[in-house]
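Report on the structure
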Amino acid sequence: MEIKLYNSLSKTIETFKPVDKNLVRMYSCGPTVYNYAHIGNMRAFLFADLLQRVLRVVGNYQVRWVMNITNIDDKTIRDSKLGSNFWLKEMGTQTENPHENLRMLTEFYEKGFLEDISLLGINLKHLYSMPKATEYINQMQELIRKIVDNGFAYVSAGSVYFNVSEWRKGNTYGRLFNLDFDNLKAGTRIDTDQYEREQVNDFVLWKAKKEDEPYWDFDLNGESLPGRPGWHIECSAMEKELLGLPFDIHTGGIDLKFPHHEDEIAQSHSGYGIDPTVFWCHNEFLEVEGRKMAKSFNNFFTLRDLISKGIDPLDVRFAMFSTHYASTYNFTFDGIKGQRKARYRVQEFIYELFEESTGSIHANIDELKNNIFSELANDLHTPKALANLFSFINNYEAKNLSNESKQKLIELFKSLNDIFEIWTLEKKKEENKQIPQDIYELAQQ
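Cut-offs used in this document
- Residues numbered from 1 in each chain as written.
- Predicted model: local features only at pLDDT ≥ 70, side-chain atom pairs only at ≥ 80, totals over all residues.
- Heavy atoms only, no water.
- 1 Å grid on protein atoms, 1.4 Å probe; cavity = no way out; pocket = protein on both sides within 12 Å on 5 of 7 lines; lining within 4 Å.
- Points joined across faces, edges and corners; volume = space filled by probe spheres on them.
- Helix = DSSP H or I, 4+ residues; strand = E, 2+ residues; numbered from the N terminus.
- Nonpolar A, V, L, I, M, F, W, Y, C, P; charged D, E, K, R; others polar.
- Phe/Tyr/Trp six-rings, centres within 6.5 Å; stacked < 30°, edge-to-face > 60°.
- Buried < 20%, exposed > 50% of the residue type's maximum accessible area, 1.4 Å probe, protein only.
- Lys NZ or Arg CZ within 6 Å of the ring centre and 35° of its normal.
- Pairing = 2+ DSSP bridges.
- Axes fitted to C-alpha atoms, helices over the stretch in contact; angles between N-to-C directions.
- Contact = heavy atoms within 4.5 Å.
- Expected span 1.5 Å × (residues − 1).

Another point: empty space enclosed by the protein. A complete count under the given rule lists one cavity of 30 Å³ or more for this structure. Residue lining of the largest cavity: R43, L46, F47, L50, M320, F321, T323, Y325, L380 and T382, and that is the complete set. Looking at the lining of the largest cavity, the elements that each hand over two or more residues are α1 (39-57) and α10 (313-321). In terms of residues, the lining of the largest cavity owes the most to one element, α1, which gives four residues. When grouped by side-chain class, the residues that make up the lining of the largest cavity number seven nonpolar, two polar and one charged.

Listed below in structure tokens is the structure:
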């Protein structure tokens, strides 16, 4: 089935066609492993997972999905230093080696991240690669050399900066996020990995060595520049190495449009001579109880926080699919309870499909499948797809359906579970209805 997606680059919904026949090459900005990912981060990963599943099941494509692990940036370095909360709360062993401390921090939280997304129904086998930034330092350095040689970067105080002004002379800077250059704050250079949207500055590609921080040797045209890569350059190098350019789809949260993804376009094109990707797909923000999620509002949650409150991760997955990815999702605890009931409603219907019955009603399962798949193919409209499913369940009782209809429904649910990954496709297990003696005695009292 033909897939249509909203492309942040063209700002329109376009018919998707892979660059390379039936193979879709897709890159997702992954976690920065300095702490546990919060549920706002998780929405971006669930969106990417949904997209690659729809491409496989509905579009019938092969998908080569890459999600990076950012294990070197300002935050990971900050929190790997001795005396940080990581060492005080999580680890007892400290070393004097900055590289070793960084490795211990990032591997600890990478393990937690993989555990979390697995609980959310993301199948790690679907990922072609999860590259760590520190494994691609040589490729980053080679890209920086090309950008410098092409005249779009310069060295200052041991660091290398991308020259935005020089890039803008012949290219557009602000293709993903409309920028008002006349009213934006002017500045010289940004040395941090992240900066505000109202700043348009030369951004760092390579950061000079600092005391007590991990660093790598870097020879740039005969000049020694020990240091480490900037955050933006990491994705550009890994994309090229693992997927080739241009690849098909780049995903991420809407907060990454600028500066991160805009900088990716500039540095990839200035170094490799080509845009990194064809489609840019971004998911909207997540709010909690109608407010921006923030620790100051006491509404900041990781998946582990929700599990400690008795919430099933699959209810979180299902709930996030109840809102279109391009709309703000408002997480509420009442909403999760409602989605849990809805998920169980479908599960009970599935259980009944496996029960023996003498029903004779023939339902049009092909039409149901087409309606659901059409909505998913139309820019991943999960709310409308699920609405079609619930409408069917409300109109038919499983026990009244013919065996032929029930069997076709089971096959449909197998396909839907390949996309949603939230239901059990089997006969309901018999519950132990034996009343424990102590409970019986309490009831008697």
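By the definition in use, this model includes 26 aromatic pairs. Aromatic side chains Y173 and F258 sit 6.0 Å apart centroid to centroid with 75 degrees between the ring planes, which places their arrangement in the edge-to-face category. Highlighted residues: Y173 in the loop between α6 (164-168) and β8 (189-190) and F258 in helix α8 (residues 257-272), separated in sequence by 85 residues. Neither residue differs from the other here; Y173 and F258 are each classed as buried. Put simply, the rings of F318, F321, F349, F392, Y396, F413, F420 and W423 pair up and form one aromatic cluster. Its guanidinium or amino end placed over the ring of Y128, R64 lies 4.9 Å from that ring's centre, counting from NZ or CZ.

Across the sheet, five strands lie side by side as β5-β4-β3-β13-β14; this open sheet has parallel pairing. Where the open sheet ends on each side, the last strands, each with one partner, are β5 (127-129) and β14 (277-283). The average angle at which neighbouring strand axes cross in this sheet is 30 degrees, direction not considered. Bridging between strand β13 (residues 247-253) and β14 involves six bridges; their strand directions are parallel. Looking across to β14, one finds that G253 is bridged to N283. Packed onto the sheet, α1 meets β3 (23-28), β4 (62-67), β13 and β14 and runs at close to 165 degrees relative to β4.

Let's shift gears to helix α5 (residues 137-149). Its 13 residues place the ends of α5 18 Å apart at the C-alpha level, agreeing with the 18 Å of an ideal helix rising 1.5 Å per residue. Within two residues after α5, G151 carries a phi angle of roughly 90 degrees, on the positive side.

Fair warning: the whole summary comes from geometry, so function is off the table for now.
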